[in-house]
Amino acid sequence: MRGLLLAVLFAGCATTRSDSVGGGDSRIDDGQAADAQAARAEKEGRCGPDAKGDVVLLDGRTGGPLTCALVTVSMMQDSCPSAAECPSEVLFQGRTNRRGQFAVPRPFSRVRLEAVSEGYGTGSLGGASMASGKVVEVEMPPDEGFWLKIVDQDGNYVQDVAVSFKAGDEVLAQLRSNVLANVFFTQRNPFSGAEVAVEAEGYQRAKISGQGDLGDDGHTLTLVRK
């Protein structure tokens, strides 16, 4: 019964042995679609200025820049407990350039940035400050399905690693983390109702019994190195 329940939860995520780490194929497709969209936007003159920007938006699914996208980026005091309780100020509204970057009209220091763009959830970065020669990175999560960021016990990204999700001996999904250490599921709640074991080469086996095992943000899976 548990296997049937988990199979339903993971429908569309599990892969065959031949493409067990084939998350890369979907990332290639996503990247090609993004490139095509950027090419159309560029041809139609809908990209931001091509000079180096101060902030870059990164597509959480592909790991690449969010190119030629219409975005609104707000900033607020980093010490505020929540966005609802804090006055915010629009820092930038317009399109990113072909590198996913944009220039800000004024410097900022120790603020929380929040970015919104169609097709994505809110990207958030706390403690953001401008620094000479450095571009501030804001990651944009997709607004559909469910994503996990995989880190080690020291908080380092676990990048380009095949990760298996199992119920007993049954492999429910095998996904490869991208350069931002993310993996994606088509379901919004793939871990509800049953325990899932997680295995990755070089790391101790972990388990997911519910959202409480996924960090304070509900999206972070910590693996411990062997």
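All of these numbers come straight from a predicted model, not from anything done at the bench.

1. Section: the nonpolar core
The biggest cluster of nonpolar side chains holds 21 residues, and the ones touching the most others in it are Leu-148, Phe-165, Phe-185 and Phe-191. Counting only elements with at least two residues in this core, the list comes to strand S8 (146–152), strand S9 (162–167), strand S10 (170–176), strand S11 (182–185), strand S12 (196–200), strand S13 (206–208) and strand S14 (220–223). Judged by nonpolar contacts, the second largest core, of 19 residues, contains Val-55, Val-73, Leu-113 and Val-136.

2. Points about the pattern of salt bridges
Applying the stated criterion across every chain yields a total of 9 salt bridges. One salt bridge in this structure joins Arg-112 and Glu-114, with 3.8 Å as the shortest N-O distance. Residue Arg-112 is classed as buried on the basis of its relative accessible area of 12%. Residues Glu-199 and Arg-205 are paired through a salt bridge, measuring 2.7 Å at the closest nitrogen-oxygen approach. Glu-199 gets classed as partly exposed once you look at its relative accessible area, which sits at 24%. Here Arg-205 falls in the exposed class, since its relative accessible area comes to 53%.

Rules of the game
- Residues numbered from 1 in each chain as written.
- Predicted model: local features only at pLDDT ≥ 70, side-chain atom pairs only at ≥ 80, totals over all residues.
- Heavy atoms only, no water.
- Core = buried A, V, L, I, M, F, W, Y, C linked by side-chain atoms within 4.5 Å.
- Buried < 20%, exposed > 50% of the residue type's maximum accessible area, 1.4 Å probe, protein only.
- Helix = DSSP H or I, 4+ residues; strand = E, 2+ residues; numbered from the N terminus.
- Salt bridge = Lys/Arg side-chain N within 4 Å of Asp/Glu carboxyl O.

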